[in-house]
Amino acid sequence: MSNLGNATFENYVGLQQGFSEMAYQIVAHVLTLGYAVMLSALFYFVLTIKAVAPKYRISSVLSVVVTVSAFLLLFAQAKNWTSSFVFDIERGRYYLGGGADLFNNGYRYLNWLIDVPMLLFQMLFIISLKRSSFSSIRNQFWFSGAGMVITGYIGQFYEVTNLVAFAVWGAISTVFFIHILYLMKKVIDEGKEGIPLKAQQTLNSIWILFLISWMLYPGAYLMPHLLGIEGGFFNEAGVVGRQITYTVADICSKVIYGILLTNVAGILSKHEGYQSEVD
Ligand code: RET
């Protein structure tokens, strides 16, 4: 048995079963789509910044920070995939490429370390809090956002070699996650008070989008064991499923979320008498 250290399950699949052409390429393409969308979204956020009143523009600036960081880290993630596996012409499949590089989803986690707090703060610049204190919510977002990502980052190294550590770190991360969901619900509920109906409805959609897209990340964390420990997803279907899940989640939680927040800011700007310089 080869020694893969704390390698994640993608490497075990690549060592033992290998990847079919289709599985390998879907992952390569989905990862490429991921960073291409981030660069496109970056331009969108820059070009629409004047559609909202100056006080809301910090939200677009945060979307720019989010997409730049996601672009760079997802680019590195995509390169990590192609440098980890090599096509074997005899067997007609891709196998782990001799240990020059192993695949690890850690680039994503480090991207979240930047993006999670930014995405949470972004909401605070669009809505106005009625009862809660801005700095208290901001600090709790920082604390739980970073806590959730760092504990999850440690846990993901153990997904094959130490399932107890994988579960314990995952559980600690989930406690932080629940705290974030609680805070975000509270912030959105306060923010809806006294604003135009259209903006309230968009905030409702943002909450649903937030809830679903953020829950995809723990789903991807659990992916290799979702159909039982080392079960029906401990194979190339699980590898492909994980990368598609992450990419869909990234597009929803960063790009669509940012666009919807800009819409809310647009409605509020108009309501406050601001004349858009874009439309
Ligand atoms: C982890 C570890 C397992 C338990 C939980 C997790 C939650 C991750 C989340 C990530 C969100 C990331 C976003 C990135 C956007 O840039 C860390 C996978 C609960 C919710 C929104």
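Note that the structure is predicted; figures quoted are calculated from it, not measured. (Residues numbered from 1 in each chain as written. Predicted model: local features only at pLDDT ≥ 70, side-chain atom pairs only at ≥ 80, totals over all residues. Heavy atoms only, no water.)

Counting 51 residues, the largest nonpolar core has Met123, Phe141, Met184, Phe210, Trp214 and Tyr257 as its most contacted members. Those residues in contact with phenylalanine 210 that lie beyond four places of it in its chain are Leu120, Ile180, Leu181, Met184 and Tyr257. Counting residues in hydrophobic clusters, the runner-up holds 29 residues, among them Ala23, Phe45, Ala78 and Phe103. (Core = buried A, V, L, I, M, F, W, Y, C linked by side-chain atoms within 4.5 Å. Buried < 20%, exposed > 50% of the residue type's maximum accessible area, 1.4 Å probe, protein only. Contact = heavy atoms within 4.5 Å.)

What follows is about the side chain of glutamate 159. Mapped onto the elements, glutamate 159 comes out in the loop between helix H5 (134-156) and helix H6 (163-192). A distance of 2.8 Å separates the side chain of glutamate 159 from the backbone nitrogen of phenylalanine 9, its partner in a polar contact. When neighbours within four sequence positions are excluded, glutamate 159 is seen to be in contact with Thr8, Phe9, Glu10, Phe166, Tyr221, Pro224, His225 and Arg242. (Helix = DSSP H or I, 4+ residues; strand = E, 2+ residues; numbered from the N terminus. Polar contact = N/O pair within 3.5 Å; in protein donor to acceptor, adjacent residues only side chain to side chain.)

Okay, the confidence of the model for the protein chain next. On average, residues of the protein chain carry a pLDDT of 96, and 98% of them reach 70 or more. Interface confidence in the predicted complex, given as ipTM, is 0.98; pTM for the same model is 0.96. (pLDDT = per-residue confidence, 0-100.)

A few words now on the layout of surface pockets. As a volume, the largest pocket reaches approximately 410 Å³. Taken together, 22 residues form the lining of the largest pocket, with Trp112, Met148, Ser173, Tyr217 and Pro218 sitting closest to its centre. Contributing elements (two or more residues each) for the lining of the largest pocket: helix H4 (106-126), H5, H6, helix H7 (197-222) and helix H8 (236-271). The biggest single contributor to the lining of the largest pocket is H6, with 7 residues. (1 Å grid on protein atoms, 1.4 Å probe; cavity = no way out; pocket = protein on both sides within 12 Å on 5 of 7 lines; lining within 4 Å. Points joined across faces, edges and corners; volume = space filled by probe spheres on them.)

Neighbouring the ligand are 16 residues; Trp112, Asp115, Trp214, Tyr217 and Lys254 lie closest to it. One nitrogen or oxygen atom from the side chain of lysine 254 is found 2.5 Å from an oxygen atom belonging to the ligand. Here the ligand has 540 Å² of accessible area as a free molecule, and 99% of this is covered by the chains. Residues of the shell around the ligand, tallied by class, amount to 9 nonpolar, 5 polar and 2 charged. (Near = heavy atom within 4 Å. Areas by Shrake-Rupley, 256 points an atom, 1.4 Å probe, with all protein chains shown as cover. Nonpolar A, V, L, I, M, F, W, Y, C, P; charged D, E, K, R; others polar.)

Our focus in this paragraph is the pairing of strand S2 (residues 93-96). Of the strand pairs in this sheet, strand S1 (residues 85-88) and S2 are connected by 4 bridges, and their pairing is antiparallel. If you follow phenylalanine 87 over to S2, its bridge partner there is tyrosine 94. The hairpin turn running from S1 into S2, its antiparallel successor, is 4 residues long, and glycine 92 in that turn takes a positive phi close to 65 degrees. (Pairing = 2+ DSSP bridges.)

Along the chain, the position of alanine 36 falls in helix H2 (residues 21-47). Note: C-alpha distance between alanine 36 and methionine 118 (82 residues apart in sequence) is 20 Å.

So, on to the pattern of salt bridges. Evaluated as defined, the whole model comprises 11 salt bridges. The partner of glutamate 272 in a salt bridge is lysine 55, with the nearest N and O atoms 3.5 Å apart. In this pair, glutamate 272 is assigned in the segment after H8 and lysine 55 in the loop between H2 and helix H3 (57-84), connecting sequence segments 217 residues apart. For aspartate 189, the salt bridge is made with lysine 185, and the minimal N-O distance between the two is 3.1 Å. A residue pair is termed a helical-turn pair when its members lie 3 or 4 positions apart in one helix, as aspartate 189 and lysine 185 do in helix H6 at 4 residues. Connected via shared salt-bridge partners are Arg108, Asp115, Asp250 and Lys254. (Salt bridge = Lys/Arg side-chain N within 4 Å of Asp/Glu carboxyl O.)

Attention now moves to a nonpolar patch on the surface. Together, Ile58, Val61, Val65, Ile114, Phe125 and Phe134 make up an exposed nonpolar region whose accessible area comes to about 410 Å². No other element matches the 3 residues that H3 contributes to the nonpolar patch. Structurally, isoleucine 114 is set in helix H4. (Patch = residues over 30% accessible without salt bridge, like charges linked within 9 Å, V, L, I, M, F, W, Y side chains within 5 Å.)

Another point: the UniProt feature "transmembrane region" (unreviewed entry) in the protein chain. Within the UniProt annotation, "transmembrane region" (unreviewed entry) is assigned to residues 22-46, 58-78, 109-129, 141-158, 164-184 and 205-223. Taken end to end, residues 164-184 has its terminal C-alpha atoms 30 Å apart, with 100% of it in helix and 0% in strand. (UniProt positions renumbered as here; feature names shortened; annotations may be inferred.)

What follows is about the environment of asparagine 6. Mapped onto the elements of the fold, asparagine 6 is located in the segment before helix H1 (9-16). Beyond its immediate stretch of four places on either side in the chain, asparagine 6 contacts Phe157, Tyr158 and Thr161. Among the polar contacts made by the side chain of asparagine 6, one reaches the side chain of threonine 161 at a distance of 3.2 Å.

Another point: the environment of serine 84. Note on placement: serine 84 falls in helix H3. When the C-alpha positions of serine 84 and aspartate 101 are compared, they lie 5.1 Å apart, and in sequence the two are 17 residues distant. When neighbours within four sequence positions are excluded, serine 84 is seen to be in contact with Tyr95, Leu96, Gly97, Asp101, Leu102 and Phe103. Reaching out from serine 84, the side chain makes a polar contact with the backbone oxygen of asparagine 80 at a distance of 2.6 Å. Only 3.4 Å separates the side chain of serine 84 from the backbone nitrogen of phenylalanine 103, close enough to count as a polar contact.

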